[in-house]
Amino acid sequence: MHRTKTSKQSLQTCVTYGEEEPNHKAWKIAKKRKHILWKFLNKELSADVLKKYKIEVELIKKCSYYIEFLPRNLAFGEQYYPMLQTTMFQYIDPHNFERMKKVGASQAKIELILLDNYLEELQKGRETLVGMVQSFDTMSFLSKWEVAGQHLSQLNDLMYKLSSMLVPNQLHIKHRFVPEILANKIPFIRLMLIAKSPVLFDRKESVAYKDKVQLKWYSHKQQHQHQQQEKYEVFFKSHDATQEGTFSVTTNSIEICSLVQNSLYDFSVRYAVSYTLVYEAWHDTITLHTKATNGEAQLSGFSNQHVQPPTHQTK
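Remember, it's a predicted structure, so these values are computed and weren't measured experimentally.

Colleague: Looking at this structure, I do not really get the overall build of the protein. What am I missing?
Modeller: Secondary structure summary: the protein contains 6 helices and 13 strands in total. Looking at the protein as a whole, 39% of its 315 residues are labelled buried. If you take every contact in the protein between residues at least 6 apart in sequence, the share linking residues at least 24 apart comes to 72%. Only carbon and sulfur atoms are counted for the fraction: they give 53% of the accessible area of the protein, which is about 19,500 Å².

Colleague: Would you explain the packing of aromatic side chains in this entry?
Modeller: The geometry of two aromatic rings is summed up by the distance between their centres and the angle between their planes. Summed over the entire model, instances satisfying the criterion amount to 9 aromatic pairs. Here Y65 and Y279 contribute two aromatic rings whose centre-to-centre distance is 6.3 Å and whose plane-to-plane angle is 40°, an arrangement assigned as tilted. Of this pair, Y65 sits in strand β1 (residues 64–71) while Y279 sits in strand β11 (residues 277–280); the two residues are 214 residues apart in sequence, bridging distant segments of the chain. On the basis of relative accessibility, which here comes to 6%, the residue Y65 falls in the buried class.

Colleague: Would you take a moment to explain the pairing of strand β12 (residues 284–289) for this structure?
Modeller: When a strand is regular, its side chains alternate between the sheet's two faces. Most of β12 sits out of view: 6 of its 6 residues are buried. Along β12, one buried face is formed by D284, I286 and L288 and the opposite face, lined by T285, T287 and H289, is buried too.

Colleague: How should helix α6 (residues 145–164) be read in this particular structure?
Modeller: Quick reminder: α-helices carry 3.6 residues per turn. Residues three or four places apart thus point the same way. Taking 1.5 Å per residue, 20 residues should reach 28 Å; α6 reaches 29 Å between its end C-alpha atoms and fits that length. Residues of α6 that are buried: A148, H151, L152, L155, L158, M159 and L162. Axial view of α6: buried residues confined to an arc of 125°, hence all on one face. Those residues of α6 that are exposed and aimed more than 90 degrees away from the buried face are E146 and Y160.

Colleague: What's the story with unusual backbone geometry in this structure? I'm lost.
Modeller: Glycine aside, residues mostly have negative phi angles, and peptide bonds mostly take the trans form. Despite not being glycine, A241 has its phi angle at roughly 65°, a positive value. For S258, which is not a glycine, the phi torsion comes out positive at approximately 60°. Within the secondary structure, S258 is located in the loop between β9 (253–256) and β10 (264–271).

Colleague: Help me understand the side chain of E280, please; the structure alone is not making it clear to me.
Modeller: Looking at the secondary structure, you find E280 in strand β11. Using a relative accessible area of 15% as the deciding quantity, one classes E280 as buried. Reaching out from E280, the side chain makes a polar contact with the side chain of S64 at a distance of 2.9 Å. Within the structure, the side chain of E280 is placed 3.4 Å from the side chain of H283, a separation counted as a polar contact. Aside from chain neighbours lying at most four places away, what touches E280 is C63, S64 and R270.

Colleague: Got a minute to help me understand the confidence of the model for the protein in this structure?
Modeller: Low pLDDT means the predicted coordinates in that region are not meant to be read closely. Overall, the predicted model of the protein reaches an average pLDDT of 79, with 71% of residues at or above 70. Ignoring residues within four places in sequence, the model shows residues 222–226, a span with pLDDT below 50, making 16 contacts including any to other chains. Within the model, the stretch residues 295–315 combines pLDDT values under 50 with 56 contacts to residues more than four positions away or in other chains.

Calculation notes
Every chain begins its residue count from 1, and numbering advances along the sequence as written. Residue-level local features of this predicted model are given only where pLDDT is at least 70; pairs of side-chain atoms are given and counted only at 80 or more, and the full residue set underlies all totals for whole chains, interfaces and linings. Side-chain calculation: all heavy atoms of the structure are included, whereas hydrogens and water are not. Only DSSP runs of H or I with at least four residues qualify as helices, and only runs of E with at least two residues qualify as strands; both kinds are numbered from the N terminus onward. Exposure categories follow from relative accessible area, calculated using a 1.4 Å probe and restricted to protein chains: below 20% of the type maximum is buried, above 50% is exposed, and the middle band is partly exposed. Only heavy atoms matter for contacts: two residues are in contact if any of them lie within 4.5 Å across the pair. Where accessible areas are quoted, they stem from the Shrake-Rupley method and a 1.4 Å probe; at the residue level, only the protein chains shown are allowed to cover. Whether two aromatic rings pair depends on their centres lying within 6.5 Å, for rings of Phe, Tyr and Trp, where Trp uses its six-membered ring; planes under 30 degrees apart make the pair stacked, over 60 edge-to-face, and the rest tilted. Each helix should span, by expectation, one fewer than its residue count multiplied by 1.5 Å. The arc in question is formed by the directions pointing from the helix axis toward the C-beta atoms. The term polar contact refers here to a pair of N or O atoms within 3.5 Å; inside protein, the definition further demands a hydrogen-donor-capable atom paired with an acceptor-capable atom, and it admits residues adjacent in sequence only when both atoms are side-chain atoms. Values of pLDDT, ranging from 0 to 100, describe the predictor's confidence in every residue of the model.

In structure tokens, the structure reads:
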């Protein structure tokens, strides 16, 4: 009887091929799943997207928050009668409106805290997902695929929550702010919590001279199509506390004269205080140094401070 001999080398080849085939399939599956994660990390939650979120969060933390009345049948940003805000104050209950302002302030503070938390979770979540994708152990990656999928879903939810909080929100009304006897005389409205872009000094155009300064400022594009002319308040104070004062203007620049030569002054700018203001925690501040003698304008330095500027003038 003839027997076919199988060489030791051939046997080893068969065994190796049998082991490699399932590993090859696992590698292809892992490659496909990693592609899904990389696509998310390079598009939906790329480093640039995360940077953009960070800039938007930092900007909105510097905003001023107001209550705005809006007819229920209009979406935010649509044109409506500009007199509505003024008209409403004739009907609302002042006491309850003040309580609503406190609700609005609390809501704004909570949302700002949540925005910071969401941004931090997104940053950490992205780092975790990158670590999973960069794993060279195929089987280890596949064994954690369910966890990766849950992680991906959580990051999508966080992105949605963060994005939704970057737009105006409706206030949760706890009190009737219009007396019942007057309710039929006005249209049905809703209260919105809106954020006005911060007012920022133009560092290049704000300069000091011998005994005066020229200040210019700007704000990011306003969200309101019906935006009325803005009013601003400019505050100044000398470092030796011998001069301070307040100016109200409707333009985006001012010239302040009769300053002491060779002196440091702090200047702050903000929107003029409104009855509908509910919360603001930041004002832009710039420090300028007046010239000792006639010469070119000079900007000696600047800083942003979370302080309440002076509201009176020392004579």
